[in-house]
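What follows is each chain in one-letter form.
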Amino acid sequence: MRVAVLQIGYGDDELMADRLTRVADLVRAQAGHDLVVLPELWAPGGFSYRDWADRAQPVDGPIGTAMSAAARDAGVLLHAGSIVERPASGEVGSDGHGLWNTSLVYAADGGLVAAYRKIHRFGFGAGEPKLMDAGEDVVLVDLPGDPLPDGSAAFRAALSTCYDLRFPELYRRQLDAGATAFIVPAAWPAARVRHWTLLAHARAIENQCVVIACNTAGTHAGTEMGGHSQVISATGEALAMAGTSEEVLSVEVDMAAVTTWREKFPVLQDRRL
Ligand SMILES: NC(=O)CCC(=O)C(=O)O
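Since the structure is predicted, the reported quantities are computational estimates derived from the model, not experimental observations. (Residues numbered from 1 in each chain as written. Predicted model: local features only at pLDDT ≥ 70, side-chain atom pairs only at ≥ 80, totals over all residues. Heavy atoms only, no water.)

1. Re the overall build of the protein chain
Here comes step 1: Secondary structure assignment for the protein chain yields seven helices and 14 strands.
Here comes step 2: What you see for the protein chain is a C-alpha radius of gyration of 17 Å, in line with the 19 Å of a compact globule of 273 residues.
Here comes step 3: For the protein chain, the C-alpha atoms occupy an extent of roughly 50 × 40 × 40 Å along the three principal directions.
Here comes step 4: Sequence separation of 24 or more characterises 68% of the internal contacts of the protein chain that already satisfy a separation of 6 or more.
Here comes step 5: Counting every atom, the protein chain has about 11,400 Å² of accessible surface; 52% of that belongs to carbon and sulfur.
Here comes step 6: Mean positive and mean negative side-chain charge positions of the protein chain (23 and 34 charges, respectively) differ by 6 Å. (Helix = DSSP H or I, 4+ residues; strand = E, 2+ residues; numbered from the N terminus. Rg over C-alpha atoms; globule rule 2.2 N^0.38 Å. Contact = heavy atoms within 4.5 Å. Areas by Shrake-Rupley, 256 points an atom, 1.4 Å probe, with all protein chains shown as cover. Lys, Arg positive; Asp, Glu negative; His and termini not counted. Charge placed at Lys NZ, Arg CZ, Asp CG, Glu CD.)

Spelled out as C-alpha cells, the structure:
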C-alpha cells in the first residue's frame, strides 16, 4: 500500500479559501498512491479557536466538497484530516455546543466513506472542551488491497485525532474492532513533539498495528507546530519521519507484515481481560 502523508504548514496570514485550493492541488499531485492523509483542522487552523465558529461547516460544505473532488481526481483513498463540523441539521451534542472536530475519509470515487468525531478534546476546560462536543464512536475504514475470500477487507484502519493518542484504551477498542492500522491526523505543538513520536511508537508496538500519523507544520495562533509526521510499522520501526517544515512523506507500507508479525510474536494472545 503506497501512502502519502501531507504535513501541511501554514500561518495566520493565509486565507482559508487559498489554503483549501493549495491543499486540494497537493492531494491531486499524489495520484499513484493508494492512501493520502492530511492533518487535523488544517483548513480552519488547529489552534485558531477564535475563528472556529466562523469557519465551521457541515460535512458536505466547501471543504468536504473540495476534498471529495480531489480524492476522485487523484483516484486515492483520502483521509482529509478534520474540519470544525457544524451539522446542517442543527444537531447538538451532550455539551450543547453543536460543533465537532470531525475527520472525513473519501473513497477513490469521491464518496464519503467515514466521518469520525474526535473523542478526547484538548484544552483542559478551554479550547476544544469549551467550544466543541465530544465524539462517542469508534470508526474504522477498509484499506485498499486484495480482499479476503469472503469479500471483506483484509486490512482495516481505525480513526483517531491528535490528543486521542494519549489514551491507549481507545486503541485497544479499535484493535478489538479489527484494526490493523491507526490513522492519526494532528495539530501537535513543537513543545511536546517528543510525546508525539513516543506515543505513536507505543500505540504501534502495544497493538501490533501500523501507525500513520500526520502532523502540522508552521506557526499559527501563537503556537509552533511540531511536524515529525511519521509512519510506524507494527514492529515499531519508523518507516518514514518528517522534519519540521511542510513536507510530503511517500512510503510503501507492507500491510501483510502485520499478520506475519502477529503470528511470529503473538503477544496479543496473552492479554488478560
Ligand atoms: N490538537 C490537539 O489535540 C493537541 C494535543 C496536544 O497538544 C497534546 O496532547 O499535547
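2. Regarding the UniProt feature "domain: CN hydrolase" (unreviewed entry) in the protein chain
Here comes step 1: The feature "domain: CN hydrolase" (unreviewed entry), as given by UniProt, occupies residues 1-255 in the numbering adopted here.
Here comes step 2: For residues 1-255, the helix share is 24%, the strand share is 25%, and the end-to-end C-alpha distance is 7 Å. (UniProt positions renumbered as here; feature names shortened; annotations may be inferred.)

3. Structural notes on the packing of helix H5 (residues 168-176) against helix H6 (residues 193-207)
Here comes step 1: It is the contact of H5 with H6, at a shortest axis distance of 11 Å, that shows an interaxial angle of 40 degrees. Viewed along their axes, H5 and H6 adopt a mutual orientation that is oblique. For the crossing formed where H5 meets H6, the hand is right-handed. Between H5 and H6, the residues in contact are Pro168, Tyr171, Arg172 and Leu175 and Arg203, Glu206 and Asn207, respectively.
Here comes step 2: A class-by-class count of the residues in the contact of H5 with H6 yields three nonpolar, one polar and three charged. (Axes fitted to C-alpha atoms, helices over the stretch in contact; angles between N-to-C directions. Parallel < 35°, antiparallel > 145°, perpendicular 65-115°, else oblique. Left-handed = near helix turned anticlockwise from the far one by under 90°. Nonpolar A, V, L, I, M, F, W, Y, C, P; charged D, E, K, R; others polar.)

4. Some thoughts on the site of the ligand
Here comes step 1: Near the ligand, the surroundings consist of Glu40, Lys118, Phe122, Cys162, Tyr163, Arg166, Ala187, Trp188, Pro189 and Arg192.
Here comes step 2: In the model, an oxygen atom of the ligand is placed 3.1 Å from a nitrogen or oxygen of the Tyr163 main chain.
Here comes step 3: Within the backbone of Ala187, an N or O atom sits 3.5 Å from a nitrogen atom of the ligand.
Here comes step 4: When grouped by side-chain class, the residues that make up the shell around the ligand number six nonpolar, no polar and four charged. (Near = heavy atom within 4 Å. Polar contact = N/O pair within 3.5 Å; in protein donor to acceptor, adjacent residues only side chain to side chain.)

5. Structural notes on the sheet that holds strand S12 (residues 230-232)
Here comes step 1: In space, the six strands of this open sheet follow the order S6-S7-S8-S9-S12-S13, with mixed pairing throughout. What marks the edges here is a single partner per strand, and that holds for strand S6 (140-142) and strand S13 (238-241). Sheet twist, expressed as the mean angle between neighbouring strand axes with direction ignored, is 15 degrees.
Here comes step 2: With three bridges connecting them, S6 and strand S7 (residues 156-159) associate as antiparallel partners. Bridge pairing in S7 links Leu140 to Ala158.
Here comes step 3: Against the sheet, H6 engages strand S8 (181-185), strand S9 (210-214), S12 and S13, with an angle of about 25 degrees to S12. (Pairing = 2+ DSSP bridges.)

6. Comments concerning the nonpolar core
Here comes step 1: Of all hydrophobic cores here, the largest spans 51 residues; its most connected members are Leu35, Leu143, Ile212 and Met255.
Here comes step 2: Ignoring sequence-local partners within four residues, the contact set of Met255 consists of Met1, Leu143, Phe155, Thr180, Ala181 and Val210.
Here comes step 3: Grouped together as the second largest cluster of nonpolar side chains are 25 residues, Met16, Val23, Trp42 and Val76 included. (Core = buried A, V, L, I, M, F, W, Y, C linked by side-chain atoms within 4.5 Å. Buried < 20%, exposed > 50% of the residue type's maximum accessible area, 1.4 Å probe, protein only.)

7. As for the sheet that holds strand S3 (residues 77-85)
Strand-to-strand pairing in sheets goes through backbone hydrogen bonds, with the strands running parallel or antiparallel.
Here comes step 1: Spatially, six strands are ordered S5-S4-S3-S2-S1-S14 in an open sheet, and the strand pairing comes out mixed. Lying at the two open borders of the sheet, with one neighbouring strand each, are strand S5 (112-117) and strand S14 (247-252). Direction aside, neighbouring strands of the sheet carry axes that sit 20 degrees apart on average.
Here comes step 2: Here strand S4 (residues 100-106) runs beside S5; their pairing, made up of five bridges, is antiparallel. Considered in S5, the bridge of Val105 is made with Ala114.

8. A short note on H5
In an α-helix, one full turn covers 3.6 residues, which means residues spaced three or four apart are oriented alike.
Here comes step 1: Within the span of H5, buried status applies to Leu170, Tyr171, Gln174 and Leu175. Down the axis of H5, the smallest arc covering the buried residues is 140 degrees, so these residues share one side.
Here comes step 2: Residues of H5 that are buried in the fold lie against S5, S6, S7, S8, H6 and helix H7 (256-264). (Arc of directions from axis to C-beta.)

9. What to know about the environment of Ala153
Here comes step 1: You can see Ala153 is positioned in the loop between S6 and S7.
Here comes step 2: The buried category is assigned to Ala153, whose relative accessible area is 19%.
Here comes step 3: Here the alpha-carbon distance between Ala153 and Ala204, two residues 51 residues apart in the chain, equals 20 Å.
Here comes step 4: Apart from residues no more than four positions distant in its own chain, Ala153 is found in contact with Asp142 and Leu148.

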